[in-house]
Amino acid sequence: MKNILIIIMLCFVSPAFAEPDAQTLLQHADRARGGGLPGVVWDMRLLSRDGDKVAEEQRLRVSSNNEASVAEVIEPVRSKGTKLLQVEHNMWLTRPGLSKPIPVSPRQRMSGQASNGDIAATNYAGDYEGVIVSTESIDGESCYVLDLTARHKRTTYDKIRYYISVKGEVGVKAEFYSLSGKLLKTARFDYANFIEYQGRRIPFVSRMVIRDALIDAETIMEFGGAKVKKITVSEFDLGQMQ
Amino acid sequence: MLLAVLVSTAFADEGDWRTSWDGTLYGYANRQSLRSDSVLNPANQIARLAPSSTTLESRFNFKAENEALRLTLRPIVLAQKSNQTGVREAYWSQWQLRLRASEALNLAAGREVLNLGVAQFRSPSSPFYFDNGRANPMRELSGVDALKLSWNPDLQHTLMLARINASGHVAQNTWRDSWLVKLDQRGERWSAGMVVLKTAQRGAFLATQGQFSLNDAWLMYGELASSTRINSLNSLPDSTQPFTISSESARKLTGLAGLAYTLENGQSLNAEYLHDAHGYTAAEEGAYFQRAAASHQNAGLALGLAPQLLGRDFLHLVWQTNLMESSRYARLMLTHSLTDGGDELTGYGEISVSERVSAYLLAALNAGSARQEFSSLSRNSVTLGVKVALP
């Protein structure tokens, strides 16, 4: 009788402590960084530092969904109107006065440590295969630790170690690695913003700090004015960028 | 009529109107060393080029938009003074009224720079802007007047149909009464397109272009066009025979192949090879200069009706700094004519002086004789300028 009672209790208890699904965790974390939504627009402030040298501040307006993004420069004023269009792995730069859009390599980063992929919405759930490897505490917050491996060559990074908060299911920290396992950069995230989606109020990234693993260089990205907005395909049409 | 109805409906449903404006003031001075021994422009009597000039120019952008409608205006106001003359102009470089008729369909009317392809030296696939504005690099390309219908069924495809009504601001109304169809497709690491342009009383312009990213560093691209030229100046290799003019040339091919490499620091190198069958062979080009030297009348014909490029084969090399950097930019270009052996070296540099002010320098050096394409009119040119961003 006693054994039967123990078995019955285990049936109720075990599901409550079952490990969460890595894919679901990534989807929830992506949403807090613009992914998995019909589209999202936000304003961004970029501050980059390389040692003691501080770069000029940039302000962008970004429209993004899982597959494409457009980042338009608002400041500095002399670069106003410059647009970076990203569709799949293709990128083009347009600027008032240029005779036509120019293809741009991912090696031509917009600012400091921030890659062009960091500026756009995040789609780790679609781009990476994730596995929960452990749990760890980051600044007192309990986090699942996921190892992400790129599913295809379109990704910005080959491997990521992603720390997702157990309570909030948002990404708290990320470590970006090359294919050989060399640590390239680390990033920390804050979520002081909120967006409204399907009747719910969802935390949204407010700040991302990216630091180079080898040299004393970092880029701070501050997000504001974020809102969910369906972005039509024509917004990502190169022929309509001007 | 249909566009007007749709636009008024979009206006009625005002939604959230957003307006913005910005502008740039330019001030620049140019000096060029004209050839005193020029065969095409003896004693500067034919082209009447300005050895020096100063220019003040303002370019503005105005935009008003809601969810369905967008109006953009780009006026340019210019005052230029040279040794010989003064010029004042005010014109619409571009303007557009665009209506989002549905998620996939856009209608637009206005003046637009319909430029195509990714090549830097010349754009064979671009019917309106073959030289990418290189004939006058300080001036901005202005648009052609068009009604345009764009269909984007998904991220990978775009179909565009345009009715070109006029050539815009430029004096020659070459593209009046034209129809253009353009199809673009994009893949994971590639994009490609084809265009057909039909102008009244002229053979069709057919072209294709594409680009492919091998990886983050390497990009391959190419353009190919089949076209005719109007008022084509024929130059037989036998210089004893006169120039002849064809109202429309035979159909010929123009093609470009290019390769770009981006370094880790964002600097890039481009190499392009262009073959333009509308140009002359070495013998034909030699005879061209021979005839031009014979009389002022011939020189005028040679200069006025020459093909867009005298030669047929060119190599173009470019080094430039990271395009995404906002505080400074530099670019070096070397063009070599495989037809006549001439070279042109051009350098451009820009540096920000403050948040709003930038200074820039453009210099060109044309190495060669009076009977080579790049050095036929001037030996060198330098432009120094300042630009101020508004507001």
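Predicted, not measured: the structure shown is a model, and the values here were computed from it. Along every chain, residues carry numbers that run from 1 in the direction the sequence is written. Both sets of labels track the order of writing: A upward for chains, 1 upward for ligands. Side-chain atom pairs in this predicted model are given and counted only at pLDDT of 80 or more, local residue features only at pLDDT of at least 70, and totals for whole chains, interfaces and linings cover all residues. Values reported for side chains reflect all heavy atoms of the structure, with hydrogen atoms and water molecules removed beforehand.

A.B. asks: Please give an account of the overall build of chain A that cites residues and values.
C.D. replies: A count of helical and extended segments in chain A gives 4 helices and 16 strands. For the C-alpha atoms alone, the extent of chain A along its principal axes is close to 85 × 40 × 30 Å. A separation of at least 24 residues holds for 46% of the contacts in chain A among residues at least 6 apart in sequence. All accessible-area figures derive from a Shrake-Rupley calculation using a 1.4 Å probe, and residue coverage is judged against the displayed protein chains alone. In the form shown here, chain A has an accessible surface area of approximately 11,200 Å², with 52% of it arising from carbon and sulfur atoms. Positive charges are assigned to Lys and Arg, negative charges to Asp and Glu, while His and the chain termini are left out of the count. All charge positions are set by atom: Lys at NZ, Arg at CZ, Asp at CG, Glu at CD. When the 32 basic and 30 acidic side-chain charges of chain A are each reduced to a single mean position, those positions are 3 Å apart. Each helix is a run of DSSP H or I of at least 4 residues and each strand a run of E of at least 2, with the numbering of both proceeding from the N terminus. A contact between two residues is defined here by any heavy atoms of the two lying within 4.5 Å.

A.B. asks: I'd like a rundown of a nonpolar patch on the surface, residues and numbers included.
C.D. replies: Residue and element names in this part refer to chain B. Patches draw on residues past 30% relative accessible area with no salt bridge. Two like charges within 9 Å are joined, as are two nonpolar side chains (Val, Leu, Ile, Met, Phe, Trp, Tyr) within 5 Å. Any carboxyl oxygen of Asp or Glu that lies within 4 Å of a side-chain nitrogen of Lys or Arg is treated as forming a salt bridge with it. A grouping of Leu-149, Trp-151, Leu-159, Leu-161, Trp-179, Val-181, Leu-183, Met-194, Val-196 and Leu-206 is seen on the molecular surface, where their side chains present a nonpolar patch of about 840 Å² in accessible area. Among the elements of the structure, strand E6 (144-154), strand E7 (157-166), strand E8 (178-186) and strand E9 (190-199) are those that each provide at least two residues to the nonpolar patch. When residues of the nonpolar patch are assigned to their parent elements, the largest contribution, 3 residues, is made by E8. According to the relative accessible area criterion, Val-181 is partly exposed, its value standing at 39%. Here the term buried applies to any residue with accessible area under 20% of the maximum for its type, exposed to any over 50%, and partly exposed to those in between, with areas from a 1.4 Å probe on protein chains only.

A.B. asks: With reference to specific residues and values, describe the pattern of salt bridges.
C.D. replies: All names here are of chain B. Counted according to the given criterion, the structure contains 33 salt bridges over all chains. The partner of Arg-74 in a salt bridge is Glu-140, with the nearest N and O atoms 2.4 Å apart. You can see Arg-74 sitting in strand E3 (residues 69-82) and its partner Glu-140 sitting in the loop between strand E5 (105-112) and E6, a full 66 residues away along the chain. As far as burial versus exposure is concerned, Arg-74 and Glu-140 are alike and both buried.

A.B. asks: Account for helix H2 (residues 282-294) of chain B, with residues named and values stated.
C.D. replies: One turn of an α-helix holds 3.6 residues; hence residues three or four places apart share an orientation. Given a helix with a known number of residues, its expected span is that number minus one, times 1.5 Å. Under the 1.5 Å per step criterion, the end-to-end length of H2(B) is 19 Å for 13 residues, consistent within 8% with the ideal 18 Å. As for H2(B), its buried residues are in contact with strand E12 (230-234) and helix H3 (296-305) of chain B.

A.B. asks: So what's going on with the packing of aromatic side chains? Which residues, and what values?
C.D. replies: Note on ring pairs: Phe, Tyr and Trp rings are taken, using the six-membered ring of Trp, and paired if centres are within 6.5 Å. Classes follow the plane angle, with under 30 degrees stacked, over 60 edge-to-face and the rest tilted. The final tally for this structure, using the stated rule, is 19 aromatic pairs over all chains. Here the aromatic rings of Phe243(B) and Tyr288(B) are separated by 5.9 Å at their centres, their planes lie at 65°, and the arrangement is edge-to-face. Here Phe243(B) is found in the loop between E12 and strand E13 (244-248), whereas its partner Tyr288(B) is found in helix H2, with 45 residues between them in sequence. Side by side, Phe243(B) and Tyr288(B) carry an identical accessibility label, which is buried. Among the aromatic residues, those joined into a cluster by ring pairs are Tyr124(A), Tyr128(A), Tyr162(A) and Phe189(A). The rule is short: NZ of Lys or CZ of Arg within 6 Å of the ring centre and within 35 degrees of the ring normal puts a charge over the ring. The side chain of Arg59(B) reaches across the aromatic face of Tyr26(B), ending 4.1 Å from its centre. Here the basic side chain of Arg122(B) rests over the ring of Phe121(B), its NZ or CZ set 4.6 Å away from the ring centre.

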